[in-house]
Amino acid sequence: DDGDQEIVTANGIYGPTGTLERALSLGQYAIGNFDDDDEGEIIHRDGSNLILLDDDGTLLWRESAQGAGPPCVGDFDGDGEMEAGALGRSGFVVRDTDGSLMWSRSAYDASTGSMSCASFDFNGDGAAEVILVDRADLYIWDGSDGTQLYRNTNMASGSLYERAVVADVDNDGQAELIFPSNNYSIGGWDGVFVLGEANGQWAMARSTQNHEAYAPTQQNDDMTPVEDPDTPWAYGWRTNAPPVGPANAAPDWSLELLGVCEDCIEGAIELVVAVENVGSGRGVAGATLDVFAVDGLVETTLFSVKITDTVAPGVRLEPTVFEIPTEDIGPDGLLVEINGDSTFNECDITNNTVEWNALSCE
């Protein structure tokens with residue numbers, strides 16, 4: 001707690017000038033804040049146990065966890081404290097802040113026992129889900145109790161040090177899950193694969209993750225290092241974070257009727273509307289902008305246009321102009337709506353429509 005960052009390696013802790021400050025003998029490790037002070041602790045594997053050391057090297061707890069896979073650290077149950085997960089040769093365990101067992105699940109890594117876990121808050125509820133690739137499967141578990149949320153049986157591995165990572169690889173405002181798979185030991189997919197949520201419902205994530213032992217607080221979104229992070233271990237280890245705002249930041253599609261020209265085109269009107277994202281999250285490409293003719297409770301579709309770009313918070317798109325024959329205008333006018341089918345989550349749906357019914361002549 002001297003205001004300077006240190007470098008942790010397998011054989012000790014080094015100061016900013018490279019001086020060895022504390023000799024240690026560590027297996028695969030991670031860093032997180034597991035107690036009531038402001039300093040980080042080191043959690044590591046020794047082949048048989050998961051071990052937590054205080055910042056001065058004092059043993060805080062040692063619990064069974066067969067294998068040598070690097071631990072992942074995050075707030076798995078939303079209580080504001082760090083938990084740790086680790087894979088062994090015959091199973092996966094998650095231990096609470098004090099080392100007590102939260103849950104365990106069967107997993108298969110009878111080769112090296114060295115595959116690593118990861119975590120990410122996919123649904124933005126404040127509790128991270130746990131991700132694991134073992135020799136035969138890819139899992140996503142609820143971090144609080146181990147409920148299986150997803151399993152992909154196409155995964156295969158000869159079992160080295162691989163793990164899944166989370167990042168927004170296509171800049172669509174949603175996290176994707178990236179993982180390696182190889183079939184040289186058992187049958188399965190072969191290559192690097194990217195999975196996304198089918199309906200675009202995963203939370204935002206950074207588009208980068210620059211190394212295996214990744215901590216989001218150590219790197220800016222532009223890949224530059226954070227020179228003086230307040231608490232480098234605060235968010236977790238082998239996890240990822242949203243680029244800005246909370247993990248559950250959402251877009252808010254908004255419509256504005258900019259104008260209607262009733263005499264620009266003979267026998268038709270020009271209706272001009274603007275779409276804007278007034279929320280705190282990015283609006284994902286694919287939302288639909290619809291124009292309806294209104295006759296009482298009946299709405300007849302005249303136009304349906306897809307938003308083809310991801311829209312950042314605070315960005316207004318170029319106005320859209322619709323040419324509508326006067327004969328197509330409903331008795332009760334026109335209704336314009338964005339994201340009317342609620343395909344994409346957003347903050348507020350009350351500003352998704354504008355109406356017009358002011359034709360001066362027919």
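For the structure, check the block above.
Residues numbered from 1 in each chain as written. Predicted model: local features only at pLDDT ≥ 70, side-chain atom pairs only at ≥ 80, totals over all residues. Heavy atoms only, no water.

J.: Explain the state of the cysteines to me, and be specific about the residues and the numbers.
T.: This structure, assessed with the given rule, holds 2 disulfides. Here Cys72 connects covalently by a disulfide to Cys117, the sulfurs 2.1 Å from one another. Between Cys72 and Cys117 the sulfur-sulfur dihedral comes to about -110 degrees; the bridge is accordingly left-handed. One end of the pair, Cys72, is in strand 8 (residues 72-74); the other, Cys117, is in strand 12 (residues 117-120), and 45 residues separate them in sequence. There is no split in this pair, since Cys72 and Cys117 are both buried. (Disulfide = S-S within 2.5 Å. Helix = DSSP H or I, 4+ residues; strand = E, 2+ residues; numbered from the N terminus. Buried < 20%, exposed > 50% of the residue type's maximum accessible area, 1.4 Å probe, protein only.)

J.: An account of the pattern of salt bridges is needed here, citing residue identities and associated values.
T.: Enumeration according to the criterion identifies 6 salt bridges in this entry. As a salt-bridge pair, Arg163 and Glu212 come within 3.3 Å of each other at their nearest N and O atoms. Placement of the pair is Arg163 in the loop between strand 15 (148-152) and strand 16 (165-167) and Glu212 in the loop between strand 18 (191-196) and strand 19 (253-265), with a sequence separation of 49 residues. Of the residues examined, Arg163 reaches a relative accessible area of 7% and is grouped as buried. Overlapping salt bridges, with partners in common, bring together Arg163, Glu212 and Arg238 in one network. (Salt bridge = Lys/Arg side-chain N within 4 Å of Asp/Glu carboxyl O.)

J.: Summarise the sheet that holds strand 2 (residues 12-14); cite the residues concerned and give the values.
T.: Here 3 strands make up an open sheet; going across it, the order is 1-2-3 and the pairing antiparallel. Single-partner strands in this sheet number two, and they are strand 1 (7-9) and strand 3 (20-23). The sheet shows a mean angle of 20 degrees between the axes of neighbouring strands, direction not considered. The pairing of strand 1 with strand 2 spans 3 bridges and is classified as antiparallel. Looking across to strand 2, one finds that Ile7 is bridged to Tyr14. (Pairing = 2+ DSSP bridges. Axes fitted to C-alpha atoms, helices over the stretch in contact; angles between N-to-C directions.)

J.: Hey, could you go over the sheet that holds strand 15 for me, with residue numbers and the actual values?
T.: Pairing is antiparallel in the open sheet, where 4 strands are placed in the order 12-13-14-15. Each having just a single partner strand, strand 12 and strand 15 make up the two edges of the open sheet. Here the average twist between neighbouring strands, direction ignored, is 20 degrees.

J.: An account of a negative patch on the surface is requested, with residue identities and associated values reported.
T.: A grouping of Asp4, Glu6, Glu21, Glu227 and Asp228 is seen on the molecular surface, where their side chains present a negatively charged patch. Counting through the fold element by element, Asp4 comes out in the segment before strand 1. (Patch = residues over 30% accessible without salt bridge, like charges linked within 9 Å, V, L, I, M, F, W, Y side chains within 5 Å. Areas by Shrake-Rupley, 256 points an atom, 1.4 Å probe, with all protein chains shown as cover. Lys, Arg positive; Asp, Glu negative; His and termini not counted. Charge placed at Lys NZ, Arg CZ, Asp CG, Glu CD.)

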